[in-house]
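# Residue-level structure breakdown
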Amino acid sequence: MSLLNGLGGYGALTKALHWSIAGLFAFQYVAASIMTRIGPAETALGLSQASWFNWHKTIGLLALGLAVVRLVNRRLGELPPWAPTLSDAERGFIHRAEQVLYAAMLVMPLSGFVYVMAGGYGVLLFGRFEIANPIGAWPTLATGAKWLHIAGGWVLLAALAGHIGLVLRHQFVLGDGLLRRMLVAPRQPD
Ligand code: HEM
Ligand code: HEM
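This section reports on the structure supplied with the text.

Calculation criteria
- The numbering scheme is per chain: residues are counted from 1 as the chain's sequence reads.
- The lettering of chains begins at A and the numbering of ligands begins at 1, in the order of writing.
- Thresholds applied to this predicted model are a pLDDT of at least 70 for local features of residues and 80 or more for the giving and counting of side-chain atom pairs; totals over whole chains, interfaces and linings are not thresholded and use all residues.
- With hydrogens and water excluded, all non-hydrogen atoms of the structure serve as input to the side-chain values.
- A run of DSSP states H or I qualifies as a helix once it reaches four residues; a run of E qualifies as a strand once it reaches two. Both are numbered from the N-terminal end.
- In this scheme, a residue with accessible area under 20% of its type's maximum is buried, one over 50% is exposed, and one in between is partly exposed, where area comes from a 1.4 Å probe on protein chains only.
- For this analysis, residues touch if any pair of their heavy atoms sits within 4.5 Å.
- In this description, accessible areas are obtained by the Shrake-Rupley approach with a 1.4 Å probe, and a residue is regarded as covered only by the protein chains that are shown.
- Asp and Glu count as negative and Lys and Arg as positive, but His and the ends of the chain are not part of the count.
- In plain terms, the charge of a residue is placed at NZ if it is Lys, CZ if Arg, CG if Asp and CD if Glu.
- Metal-coordinating donors are taken as N, O and S atoms lying within 2.8 Å of the metal, or within 3.2 Å when the metal is Na, K or Ca; because water is left out, some sites can appear incomplete.
- Under the classification used here, a metal with four donors is tetrahedral if each angle lies between 85 and 135 degrees, square planar if opposite donors are over 155 degrees apart and the others between 65 and 115, a six-donor metal meeting that same test is octahedral, and anything else is irregular.
- The rule for a residue being near a molecule or strand is that one of its heavy atoms must lie within 4 Å of it.
- A 3.5 Å cut-off defines polar contacts: any pair of N or O atoms within that distance qualifies, except that in protein one atom must be a possible hydrogen donor and the other a possible acceptor, and neighbouring residues in sequence count only when both atoms are side-chain atoms.
- Any residue that is not Ala, Val, Leu, Ile, Met, Phe, Trp, Tyr, Cys, Pro, Asp, Glu, Lys or Arg is counted as polar, Gly included; the first ten are nonpolar and the last four charged.
- Axes here mean lines fitted to C-alpha atoms, for a helix over just the part in contact, with angles spanning 0 to 180 degrees between N-to-C directions.
- Angle categories: roughly parallel below 35 degrees, roughly antiparallel above 145, roughly perpendicular from 65 to 115, and oblique for all the rest.
- Crossings are sorted by hand: turned counterclockwise from the far helix by less than a right angle, the near helix makes the crossing left-handed, and turned clockwise it makes it right-handed.

For the chain, the helix and strand inventory stands at 4 helices and 4 strands. In sequence order, the secondary structure elements of the chain are arranged as α-β-β-α-α-β-β-α. Across its three principal axes, the chain shows a C-alpha extent of roughly 55 × 30 × 30 Å. Per-residue burial over the chain gives 34% buried out of 190 residues. If you take every contact in the chain between residues at least 6 apart in sequence, the share linking residues at least 24 apart comes to 62%. In the form shown here, the chain has an accessible surface area of approximately 11,300 Å², with 69% of it arising from carbon and sulfur atoms. One finds the centroid of the 14 positive side-chain charges in the chain at a distance of 4 Å from the centroid of its 8 negative side-chain charges.

With that settled, consider the coordination of the iron atom of ligand 2. Protein-derived coordination of the iron atom of ligand 2 comes from His18 (NE2) and His163 (NE2), at a distance range of 2.0 Å. Classification of the site at the iron atom of ligand 2 rests on its 6 donor atoms, whose angles at the metal span 88 to 179°, yielding the label octahedral. In this pair, His18 sits in helix 1 (residues 12-35) while His163 sits in helix 4 (residues 139-173), placing the two residues 145 residues apart along the sequence. The partly exposed category is assigned to His163, whose relative accessible area is 24%.

What follows covers the coordination of the iron atom of ligand 1. Distances from the iron atom of ligand 1 to its protein donors, His56 (NE2) and His149 (NE2), fall at 2.0 Å. With 6 donor atoms in place around the iron atom of ligand 1 and angles of 86 to 180° between them, the coordination shape is octahedral. Of the two residues, His56 sits in helix 2 (residues 49-76) while His149 sits in helix 4, which places them 93 residues apart along the sequence.

What follows is about the site of ligand 1. Taken together, 21 residues lie around ligand 1, and Gln28, Ala32, Met35, His56 and His149 are the ones closest in. With respect to ligand 1, the side chain of His56 contributes an N or O atom lying 2.8 Å from a nitrogen atom. Contributing elements (two or more residues each) for the shell around ligand 1: helix 1, helix 2, helix 3 (88-118) and helix 4. Considering each element in turn, the shell around ligand 1 owes the most residues, 6 residues, to helix 3. Residues of the shell around ligand 1, tallied by class, amount to 13 nonpolar, 6 polar and 2 charged.

Orientation of helix 1 relative to helix 4, taken along the N-to-C sense of each, is 130°, at an axis distance of 13 Å. Overall, the two elements helix 1 and helix 4 adopt an arrangement that is oblique. Classified by chirality, the crossing of helix 4 by helix 1 is left-handed. Of the residues in helix 4, those touching helix 1 at His18, Phe25 and Tyr29 are Gly153, Leu156, Leu157 and His163. Considered class by class, the residues forming the contact of helix 1 with helix 4 number 4 nonpolar, 3 polar and no charged.

Next up on the list: the site of ligand 2. Close to ligand 2 lie 21 residues; Tyr10, His18, Arg74, Tyr102 and His163 are nearest. One of the side-chain nitrogen or oxygen atoms of His18 is found 2.8 Å away from a nitrogen atom of ligand 2. Here an oxygen atom of ligand 2 sits 2.8 Å away from a polar atom, N or O, in the side chain of Arg181. Breaking the shell around ligand 2 down by element, the ones donating at least two residues are helix 1, helix 2, helix 3 and helix 4. Residues of the shell around ligand 2, tallied by class, amount to 14 nonpolar, 3 polar and 4 charged.

Take a look at the structure:
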């Protein structure tokens, strides 16, 4: 398997980034629902609310770094041809959904970052390193960024439901092995 995408399929880098970001985003939703539900004096799974906030911010910024690498990687290689079992309507849907997913990979961490910086909450990376605040206190910007972050979270969830639903339908209902295109295993001969 080559590193970059090519006519033979997705490259190793695309696959590694795809599943790493999927894992990090799953963590983001779990952390967000815990940290916004428990109180400052409570713990969940052994972590305080402040720690959950910190890990949510840290992992979110890590995901931003990976998203930038992913965008560059997507531009470097050549996209593999469409899977032959996708209808024209499905190709149109996938194209739009991928635009939303790529936008969310940037908008979610950036809006979160702007919210916590303009709101004066800050980021303690890995619970150790304080990131300098490049924005300063700006309450109106903080409120706008917060709502963008919350609304973006729902839009991303809807795009993901469509993305995952389409893949699972092809994989398990139509049985055409679409999921294999993003897995490490080499493709079966057609
Ligand atoms: C990378 C992807 C990220 C995803 C998918 C994500 C997702 C979410 C979601 C789903 C929520 C819950 C929103 C709600 O209340 O309904 C949330 C809340 C929050 N996120 Fe993120 N987030 C990301 C990155 C970040 C980053 C980088 C920061 C800060 C540096 C951040 C800071 C926050 C804060 C402070 C809240 C609490 C907002 C509130 O008070 O309700 N997030 N995030
Ligand atoms: C945060 C979660 C996810 C994001 C942001 C995401 C995003 C993407 C994007 C942008 C692509 C296009 C290829 C690329 O440019 O990298 C893609 C392809 C793909 N994704 Fe996901 N994905 C996520 C989760 C999942 C999950 C959970 C599955 C498994 C059910 C999945 C299965 C696939 C498959 C099979 C393809 C290749 C489709 C094809 O070319 O025919 N994805 N994904």
